[in-house]
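Now for the letters of each chain:
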Amino acid sequence: MPVLFLIVVIDLIGFGIIIPLLPLYAEVMNADPETVGLIMATYSLAQFIAAPYWGAMSDRIGRRPVLLVSLAGAVVAYVWLGLADNIWMLFGARALGGFMAGNISTAFAYVADVTTRETRARGMGLIGAAFGLGFVIGPAFGGLLAGHDPLHADYRTPAFAAAALSALALVLGLVLLKESLAPEIRTRIAARPRATRRQMFKDALTLPGVGLLIGLSFLATFAFAGLEATFALWSKRQFGWGPAQNGYLFAFVGILGAIVQGGLIGRFNRRLGELKLIVLGAAALAIGIALIPASKHLEVLILAMAIAGFGFALISPALNSLISLQVNEEEQGAIMGVARAATTLARVAGPAVAGGLFGFLGRDWPYHAGAAIMVVVMVLAWRARGRFPHPAPAVGDCGNRA
């Protein structure tokens, strides 16, 4: 687990470098808000197509090879992004990056391999904390490399820095990462007929409770991805911000997420259980997103982003933990791959819809819509009380089987 955590953190620092800068990078190439949303969505569309196959492949050949191949692909994609000099190169680089982004669903399956049911939520929280740290260091580092002025920023150097970080994660994986999936399990899975994409989705969505949880993951990610895709455009118009200011604010949200997912999620889960954490996270995310349009002063905006970040830091690992608890060890990679595909589909639709709302109805509309969606998530999760066979396993300190 420590090695996996380090690899994911390093890789996600590279991802975090790019996300706050990409909308402004696209605007420099004369992209309108609708096109910016589509560029942000392209990565997730490619990931949606590839994620179930990466997950199922990791069940057959092991987690380690899939993680290493995806990291190598990320290096190539970031270099292409740094060399981009037109909109179509941006689309191509993001498509390749998304297609090769099999490492997150496989990392979740790795965690399921090496944790018990009692420590599953904490393990998922550690991967969530890796996301948080990636969004602490990445945006701040990317903002420093790009500069404060949105009109004269350096958007190429951050992309090359992201490539270097993914290369470092690849080297660490080659040297230090051990395989987590037992050979006998891989042998049994390899003997089965390969499932089609349609069958993988059908099998996952018809498992008791899993379909609902995947749907909630889709909606929560849809709302948060819309925020991520449009926030740099919103803050530029509201406060005149450039890459650095956005990077610092995303870093603040990342610090909060790392604290919650790396240290507090186990305690919260022990007291409340996954399902109540989902309800609480959805409520906080709804409030935080709704406050963004009302943020006329920096203090209010910081509060809004803190509440939204806290909500997403709760809901994401709770959903992943509860999904993984519904399936056996031979299905973890495939089911987590389908769950990841659903959230990446949300990262296709969320930015595309948010960009359209931003361009056609006004800059505040992505946040009105996102808050309303999270209210729906909260209600659906609350109504699902008692549906799951493993709603709240006791969570102790990290006692995994690694």
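My aim in this report is to walk through the structure given alongside it, one point at a time. Predicted model, so just to flag it, every value in this text is computed and none were measured.

About the cut-offs
Counting from 1, residues in each chain are numbered in the order their sequence is written. Whole-chain, interface and lining totals are the exception, using all residues; otherwise, since this is a predicted model, local features are given only for residues with pLDDT of at least 70 and side-chain atom pairs are given and counted only at 80 or more. With hydrogens and water stripped out, all remaining heavy atoms of the structure feed into the side-chain values. Segments assigned H or I by DSSP are reported as helices when at least four residues long, segments assigned E as strands when at least two residues long, and all are numbered from the N terminus. Exposure categories follow from relative accessible area, calculated using a 1.4 Å probe and restricted to protein chains: below 20% of the type maximum is buried, above 50% is exposed, and the middle band is partly exposed. When checking whether two residues touch, look at their non-hydrogen atoms; a contact exists if any pair is within 4.5 Å. The sign given to each residue is positive for Lys and Arg and negative for Asp and Glu; His and the chain ends receive no count. A pair is scored as a salt bridge if a Lys or Arg side-chain nitrogen falls within 4 Å of a carboxyl oxygen belonging to Asp or Glu. Only the contacting stretch of a helix is used when fitting its axis, a line to C-alpha atoms as for every element, and angles between N-to-C directions run 0 to 180 degrees. The scheme is simple: roughly parallel for angles under 35 degrees, roughly antiparallel for over 145, roughly perpendicular for 65 to 115, oblique for anything else. Crossings are assigned a handedness: left-handed for a near helix turned anticlockwise from the far helix by less than a right angle, right-handed for a clockwise turn. Gly is placed with the polar residues, together with every amino acid not listed as nonpolar (Ala, Val, Leu, Ile, Met, Phe, Trp, Tyr, Cys and Pro) or charged (Asp, Glu, Lys and Arg).

### Considering the environment of Ala342
Turning to step 1, where the next piece is worked out: Assignment of secondary structure puts Ala342 in helix H15 (residues 332-360).
Turning to step 2, where the next piece is worked out: For Ala342, a relative accessible area of 8% puts it in the buried group.
Turning to step 3, where the next piece is worked out: With near-sequence residues (within four places) excluded, Ala342 lies in contact with Ile214 and Phe218.

### Concerning the side chain of Arg94
Turning to step 1, where the next piece is worked out: Tracing the backbone shows Arg94 in helix H5 (residues 87-99).
Turning to step 2, where the next piece is worked out: No salt bridge is formed by the buried Arg94; the nearest opposite charge belongs to Glu228, separated by 9.1 Å.

### A short note on the packing of helix H13 (residues 274-291) against helix H14 (residues 298-324)
Turning to step 1, where the next piece is worked out: Here H13 crosses H14 at 150°, and the two axes come no closer than 7 Å. With respect to each other, H13 and H14 are oriented roughly antiparallel. The two elements H13 and H14 cross, and the hand of that crossing is left-handed.
Turning to step 2, where the next piece is worked out: Classifying every residue of the contact of H13 with H14 gives 20 nonpolar, four polar and one charged.

### Some details on the pattern of salt bridges
Turning to step 1, where the next piece is worked out: Using the criterion set out here, one finds two salt bridges in the structure.
Turning to step 2, where the next piece is worked out: For Glu27, the salt bridge goes to Arg237, with nearest N and O atoms at 3.3 Å. One end of the pair, Glu27, is in helix H2 (residues 22-28); the other, Arg237, is in helix H11 (residues 210-239), with 210 residues separating them in the sequence.
Turning to step 3, where the next piece is worked out: One network of salt bridges, with partners in common, ties together Glu27, Lys236 and Arg237.

### Section: the packing of H11 against H13
Turning to step 1, where the next piece is worked out: Remark: H11 packs on H13, axes separated minimally by 11 Å, with the N-to-C direction vectors making an angle of 25°. In terms of orientation, H11 lies roughly parallel with respect to H13. In the crossing of H11 with H13, the sense of the turn from one axis to the other is left-handed. Each of Leu213, Leu216, Ala220, Ala223, Phe224 and Leu227 in H11 lies in contact with H13, whose residues at this interface are Ile278, Leu285 and Ile289.
Turning to step 2, where the next piece is worked out: Looking at side-chain class alone, the contact of H11 with H13 contains nine nonpolar, no polar and no charged residues.

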